[in-house]
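Observations on the model geometry
Next come the chains, spelled out residue by residue.
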Amino acid sequence: MSVHKALSDHAKKLNAVLTQYANLDREREFYIDEALSLYERGLPFTTDNINSITIQMNKLSNKIENLPPRKLVTKEMVEEYANRRK
């Protein structure tokens, strides 16, 4: 295998991980916004979807050094953040 092909393959794999991480980050933000909205309207909410995505993101961050891990989100964190926004 040539060095050029090896570098090209590595770059493709890296790009795929970065793209997946960015997509998961957008999805995580969507679920955070949804939880905030539900809380602010006095409706029940969970952080299950947020944390499921967070776990996937953290697995990817272990593969690439510069990808930041994300914290798991608790209901209390959502409530505190929503109350600060008021």
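Predicted model only: the values in this text are computed from it and were never measured.

**Topic: the overall build of the protein chain**
Scanning the protein chain for helices and strands turns up 3 helices and 0 strands. Counted from the first residue to the last, the protein chain has its helices and strands arranged as α-α-α. Relative to the compact-globule value of 12 Å for 86 residues, the protein chain shows a C-alpha radius of gyration of 17 Å, a clear excess of over 25%. Judged by the C-alpha coordinates and their principal axes, the protein chain covers about 60 × 20 × 15 Å. Taken across its 86 residues, the protein chain has 27% of its residues classed as buried. Accessible area of the protein chain: about 6,400 Å², with a carbon and sulfur share of 54%. Seen as two clouds, the 14 positive and the 12 negative side-chain charges of the protein chain have centres 6 Å apart.

**Some remarks on helix α1 (residues 3-40)**
Here α1 is 38 residues long and its end C-alpha atoms lie 55 Å apart, about the 56 Å a rise of 1.5 Å per residue gives. Among all positions in α1, only V17, Y21, L24, R28, Y31, I32, A35 and L36 are buried. Buried residues along α1 sit in contact with α2 (48-63) and α3 (75-85).

**Quick notes on the nonpolar core**
Within the largest apolar cluster, 17 residues are counted, with the highest numbers of intra-cluster contacts made by I50 and V78. Mapped onto this core, the elements with two or more residues apiece are α1, α2 and α3. At 7 residues, α1 tops the list of elements feeding residues into this core. Discounting chain neighbours no more than four positions away, the residues touching I50 are R28, Y31, I32, A35 and V73.

**Focus: the layout of surface pockets**
If you add up the space inside the largest pocket, you get close to 190 Å³. Lining of the largest pocket is provided by I32, L36, V73, M77, V78, E80, Y81 and R84. Counting only elements with at least two residues in the lining of the largest pocket, the list comes to α1 and α3. The biggest single contributor to the lining of the largest pocket is α3, with 5 residues.

**Side note on the pattern of salt bridges**
The full count for this structure, using the stated rule, is 3 salt bridges. A salt bridge links R70 to D25; the shortest N-O distance between them is 3.5 Å. Placement of R70 in the loop between α2 and α3 and of D25 in helix α1 is noted, with a sequence separation of 45 residues between them. With relative accessibility at 27%, the residue R70 sits in the partly exposed group. Its salt-bridge partner being R85, residue E40 comes within 2.9 Å of it at the nearest N-O pair. Within this pair, whereas E40 is found in helix α1, its partner R85 is found in helix α3, the two being separated by 45 residues in sequence.

**Some points on the side chain of S61**
Along the chain, the position of S61 falls in helix α2. Residue classification places S61 among the buried residues on the basis of a relative accessible area of 8%. Only 2.9 Å separates the side chain of S61 from the backbone oxygen of N58, close enough to count as a polar contact.

Scoring rules and cut-offs
Residues numbered from 1 in each chain as written. Predicted model: local features only at pLDDT ≥ 70, side-chain atom pairs only at ≥ 80, totals over all residues. Heavy atoms only, no water. Helix = DSSP H or I, 4+ residues; strand = E, 2+ residues; numbered from the N terminus. Rg over C-alpha atoms; globule rule 2.2 N^0.38 Å. Buried < 20%, exposed > 50% of the residue type's maximum accessible area, 1.4 Å probe, protein only. Areas by Shrake-Rupley, 256 points an atom, 1.4 Å probe, with all protein chains shown as cover. Lys, Arg positive; Asp, Glu negative; His and termini not counted. Charge placed at Lys NZ, Arg CZ, Asp CG, Glu CD. Expected span 1.5 Å × (residues − 1). Contact = heavy atoms within 4.5 Å. Core = buried A, V, L, I, M, F, W, Y, C linked by side-chain atoms within 4.5 Å. 1 Å grid on protein atoms, 1.4 Å probe; cavity = no way out; pocket = protein on both sides within 12 Å on 5 of 7 lines; lining within 4 Å. Points joined across faces, edges and corners; volume = space filled by probe spheres on them. Salt bridge = Lys/Arg side-chain N within 4 Å of Asp/Glu carboxyl O. Polar contact = N/O pair within 3.5 Å; in protein donor to acceptor, adjacent residues only side chain to side chain.

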